[in-house]
Amino acid sequence: MTILDDTIVEDNEFFKLCLKKATGGATIGDPDTAVVTIVDDDTPPVEPGTLQFSSATYSVDENGGYVTITVSRLDGDEGTISVDSMPLS
């Protein structure tokens, strides 16, 4: 059986083999079946994701001293990423 390499990220695949119809006076022993697993070796594409504010608006009291602004990472978790921020006038 020929195993073909591909670039598709997928679950492992498998097939079963069974020994049958021995000839020449041979008999079939035990085990007479085997399972072959084709282990997927493809790496999923790097998905760095999307950075966005968790909310479009934030508020803080004038005497609050600081405000916590949350940035969320969506649709990815590969690698280290960063973003700069700057106030708009």
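Residues numbered from 1 in each chain as written. Predicted model: local features only at pLDDT ≥ 70, side-chain atom pairs only at ≥ 80, totals over all residues. Heavy atoms only, no water.

Asker: Give me the lowdown on the environment of Val60, citing residues and values where you can.
Answerer: Residue position: Val60 is located in the loop between β3 (50–53) and β4 (71–74). Exposure remark for Val60: the relative accessible area of 46% places this residue in the partly exposed category. Residue contacts for Val60: discarding those within four places in its chain leaves Tyr66 and Val67. (Helix = DSSP H or I, 4+ residues; strand = E, 2+ residues; numbered from the N terminus. Buried < 20%, exposed > 50% of the residue type's maximum accessible area, 1.4 Å probe, protein only. Contact = heavy atoms within 4.5 Å.)

Asker: A description of the confidence of the model for the protein should follow, citing residues and the corresponding values.
Answerer: Across the protein, pLDDT averages 89, with 99% of residues at or above 70. By mean pLDDT, the top-scoring element of the protein is strand β2 (residues 33–38) (95), and the lowest-scoring one is β4 (91). (pLDDT = per-residue confidence, 0-100.)

Asker: Go over the layout of surface pockets, please, and point to the residues and values.
Answerer: Here the largest pocket is characterised by a volume of approximately 290 Å³. What lines the largest pocket is Leu51, Gln52, Phe53, Ile69, Val71, Val83, Asp84, Ser85, Met86 and Pro87. Per-element tally for the lining of the largest pocket: the top contributor is β3, with 3 residues. As a volume, the second largest pocket reaches approximately 160 Å³. Forming the walls of the second largest pocket are Ile3, Leu4, Asp5, Asp6, Glu10, Asp11, Glu13, Ile38, Val39, Asp40, Asp41 and Asp42. Residues belonging to the lining of the second largest pocket are distributed by class as follows: 4 nonpolar, no polar and 8 charged. (1 Å grid on protein atoms, 1.4 Å probe; cavity = no way out; pocket = protein on both sides within 12 Å on 5 of 7 lines; lining within 4 Å. Points joined across faces, edges and corners; volume = space filled by probe spheres on them. Nonpolar A, V, L, I, M, F, W, Y, C, P; charged D, E, K, R; others polar.)

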